[in-house]
Each structure stands twice: as structure tokens, then as C-alpha cells.
Amino acid sequence: MEHPENSSEYKGLTVNDGVAQPSIVNPYLNRARFKRRELSVSDMVEGIVKGNVTILSQAVTLIESVNPQHQAKAQEVIEKCLPYSGKSIRIGISGVPGAGKSTSIDEFGTYVLNTYGGKLAVLAIDPSSELSKGSILGDKTRMEKLSQHPKSFIRPSPSAGSLGGVARKTRETIILCEAAGFDKIFVETVGVGQSETACHSMVDFFLLIQLAGTGDELQGIKRGIMEISDGICINKCDGENVDKCHMAATSFRNALHFFPQPESGWTPKVLCYSGFYGTGIKEIWDMVYEYIDFVKHNGYFQYRRNEQSKYWMYESINEHLRSNFYQNATIRQMLKKAEATVLGGEKTSFTAAQDLLDTYFNELKK
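Residues numbered from 1 in each chain as written. Predicted model: local features only at pLDDT ≥ 70, side-chain atom pairs only at ≥ 80, totals over all residues. Heavy atoms only, no water.

Q: Please set out the overall build of the protein residue by residue, giving values where relevant.
A: Within the protein one finds 14 helices and 9 strands. Here the protein holds 366 residues, and the buried ones make up 44% of them. The long-range fraction of contacts in the protein, counting pairs at least 24 apart against all pairs at least 6 apart in sequence, stands at 72%. Here the protein displays about 20,500 Å² of accessible surface, and carbon together with sulfur accounts for 54% of that area. (Helix = DSSP H or I, 4+ residues; strand = E, 2+ residues; numbered from the N terminus. Buried < 20%, exposed > 50% of the residue type's maximum accessible area, 1.4 Å probe, protein only. Contact = heavy atoms within 4.5 Å. Areas by Shrake-Rupley, 256 points an atom, 1.4 Å probe, with all protein chains shown as cover.)

What follows is the structure, given as C-alpha cells:
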């Protein structure tokens, strides 16, 4: 069979009775001529508020873009969406690699949507390679039920080396998802560590997923991640692993007694469940909603939201200052020379850094 690109029809001609005539319908050329109309800021905001998932995805792509024009447009969209946000429950989900986070989120999300209704957005942060800077972005393939659910929105994003595996623009994406009517937001992070406080600073409830039967259950768990967890769940509590899971749960409960009482006044709970078989899911969500009711009643919920807003304001300042510093033409010229003086032992790292900073601030004064 002749390839379409080699046929006369592809070249704009149709052969009838041996005579070449202009083709009336040419899907290949028509497709090449087609160009998507670029949406304005007001069009994007209107589409997002109406719950248009396609426009929401385009807006998130703008947020993640490093193009300055895209960034400026994204900020306008975010500002206009801000009044419609803030009405969701934000859940951070973290855990050791292989703990079954994606499978668990599939079960959690399906249960929540079927039980409580509403809409769910899952922001899955995929680890980026330190060498190629690329990401597989394959979390969605492990969320078979949610990916087919009409009330869910799954957005995998590359971590791009950002703190704690949380994509730099995740918080802004949360605002857009809330404006689109998603009243439940899941933020899945890459793994475990003290840097997961970046995720903690944008969610209302932080859930840590753990495994049992891997040796010392507390080994490798840093004090920081335990202190910020509002709930700990031991996954794969099924078959011959049930007893190990309950023993691990007891170990975690004992460890939590040594930590100071959280600011919220809430005592973190430790539960067991099976993400594969979907058992114990109800108990986890009873715990989450019990926590939300608890912190809303004592005022901590709004206090934490306010503190998070302040935190991200300062983070944005730090980020812009850092970016502006390295984009400065004079600094770019001086960096290589400064590196050479440090490597040659002529200056200490701190002196070289101070010289660069002095030059930068002196330029700002001009």
C-alpha cells in the first residue's frame, strides 16, 4: 500500500480517469495549516472557573514554563483566579520509594470521590534525573481508576531538582485547581526527608506512608519528617505481612511519644491498610476528616493557611533574588574568575562570594 505522503492526493492532486485534478479535501495539508488560537488571560480564567480541564492544563503548562512571557501571563491568570481558591482540603502524601504511594492514591481518591463526592486533583511530582534533567512522568499509569474517573484531574510534573521533590510551581497550580472547582487536592512527593517541609508548607494534612518488614522500621526516618506528619499509615497490611505491619505501627506510636506536641494540638495516629486490596481505606479518611474538623474548631486550620501564605511570599522573594543575581551581566562575567581564584587558593569561598555580592549590590545602587 502506498504511503499517504507519496500519493498524489497528499500533494494536492486527485487522479480521476488518468487526469490529475486539484484535490477538494486534503486532510494532511489542512492539518498542517491548522493553528490553535492562543487564549487570552480572561479566556483562560473564564474557562478555569467553569471547570474546563483542557484550559486548566494549558494554564498549568504556562506556570511550569521558564519562558518570561509565559510566566508573566501565568501570574495574571493566578491573580485573577485567587478569589475563587482556598475552598479545598489539601493533602500531602509522602513515603519511602516503593511504599505504594501511587497505588494508594488511586484507592484513596476513588474512595473519597465515591463516598464524599466533589472533585479531586492529584498533583504527582515525578523525580527528575540529575544527569539528563528528564522525567518519566509515569505516575498516571499506576492510577488506573482515577485516570478514568470523570471527576478527577491528574497532573504529573517534574521535580526539576526542587526542594523535597515538590515542583516549584505546585502551590500556584493548587490555586488554579481550586478555582476550577476541585475541592480535594492530593500532592504526592518524591520521597522522605527533612526537605519534605516544602510540601508540608502547602497542605492541610500531611500523610506519611511506610512499609513494614524491611528491617528496623525507624531506620532512615528523620526526626523532621516524623514531626510534621499528621498521620502515619503502614501499607501492604495483607497476607503474611499483617503481624509485621501491626508491630511496625506499635513502634511508630512509641516513637511519636518522644516528640513534642504539635502546634495543632492533634496527636498523630498510626494506622495499617492495604493499598492493593483496598482494605483500611475508610479508617484513614475518617482520621483525615477528624483532623480537619479538629483544627477548624480550634482555629489552627486558618492560622496554618496564613502562615503558609507568608512562607511562600518569602520563598518567592528568595527565588527572584537568586535568579536576578545569576542573570546579572556583570556577575556572569565575574563568576568564572571568582571560581579560578577559589580553586587557585587565592581567596576563600566566603571572600569570593562576598566580593560578588558587594559588586551586585553596588550595581543596584547606581
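Q: Explain empty space enclosed by the protein to me, and be specific about the residues and the numbers.
A: The method is simple in principle: a probe with the dimensions of a water molecule rolls over the atoms, and the space it marks as empty is what remains. Counted according to the given criterion, the structure contains 1 cavity of 30 Å³ or more. One number sums up the size of the largest cavity: a volume of about 40 Å³. Lining of the largest cavity is provided by Ile 89, Ile 91, Val 112, Lys 184, Phe 186, Trp 285, Val 288 and Tyr 289. Only β3 (89-95), β6 (184-188) and α11 (281-298) provide two or more residues apiece to the lining of the largest cavity. Among the elements that make up the lining of the largest cavity, the one with the highest residue count is α11 (3 residues). (1 Å grid on protein atoms, 1.4 Å probe; cavity = no way out; pocket = protein on both sides within 12 Å on 5 of 7 lines; lining within 4 Å. Points joined across faces, edges and corners; volume = space filled by probe spheres on them.)

Q: Would you mind going over the confidence of the model for the protein in detail, with residue names and values included?
A: Counting all residues, the mean pLDDT for the protein is 82, and 77% of those residues have values of 70 or more. The least confident element of the protein, judged by mean pLDDT, is strand β1 (residues 13-16) at 48; the most confident is α11 at 96. Predicted confidence is poor over residues 1-5, with pLDDT under 50, and the contacts of this stretch with residues over four places away or in other chains come to 5 contacts. Note that residues 128-138 has pLDDT below 50 and, in this model, 18 contacts with residues that lie over four places away or in other chains. (pLDDT = per-residue confidence, 0-100.)

Q: Which residues make up the packing of aromatic side chains, and what are the values?
A: Tallying each qualifying case throughout the model produces 15 aromatic pairs. Relative to Tyr 326, the ring of Phe 325 has its centre 5.1 Å away and its plane inclined at 85°; by these criteria the two rings are edge-to-face. Judged by relative accessible area, Phe 325 falls into the buried class, the value being 11%. For Tyr 326, a relative accessible area of 42% translates into the label partly exposed. The ring of Phe 301 carries the charged tip of Lys 296 above its face, separated from the ring centre by 5.0 Å. (Phe/Tyr/Trp six-rings, centres within 6.5 Å; stacked < 30°, edge-to-face > 60°. Lys NZ or Arg CZ within 6 Å of the ring centre and 35° of its normal.)

Q: Outline the nonpolar core, listing residues and values.
A: Counting residues in hydrophobic clusters, the biggest one holds 49 residues, and the most contacted among them are Ile 48, Leu 176, Met 226 and Ile 234. For Ile 48, the residues in contact, after removing those within four places along its chain, are Ile 55, Leu 56, Ala 59, Val 77, Cys 81, Leu 176, Ala 179 and Ala 180. With 33 residues, the next largest nonpolar core counts Ile 89, Ala 124, Phe 205 and Ile 281 among its residues. (Core = buried A, V, L, I, M, F, W, Y, C linked by side-chain atoms within 4.5 Å.)

Q: Tell me about the pattern of salt bridges, and name the residues and values.
A: Tallied over the full model, the rule gives 13 salt bridges. The shortest N-O distance in the salt bridge between Asp 183 and Lys 184 comes to 3.1 Å. Accessibility expressed as a relative area gives 28% for Asp 183, which makes it partly exposed. Classification of Lys 184 as buried rests on a relative accessible area of 6%. (Salt bridge = Lys/Arg side-chain N within 4 Å of Asp/Glu carboxyl O.)

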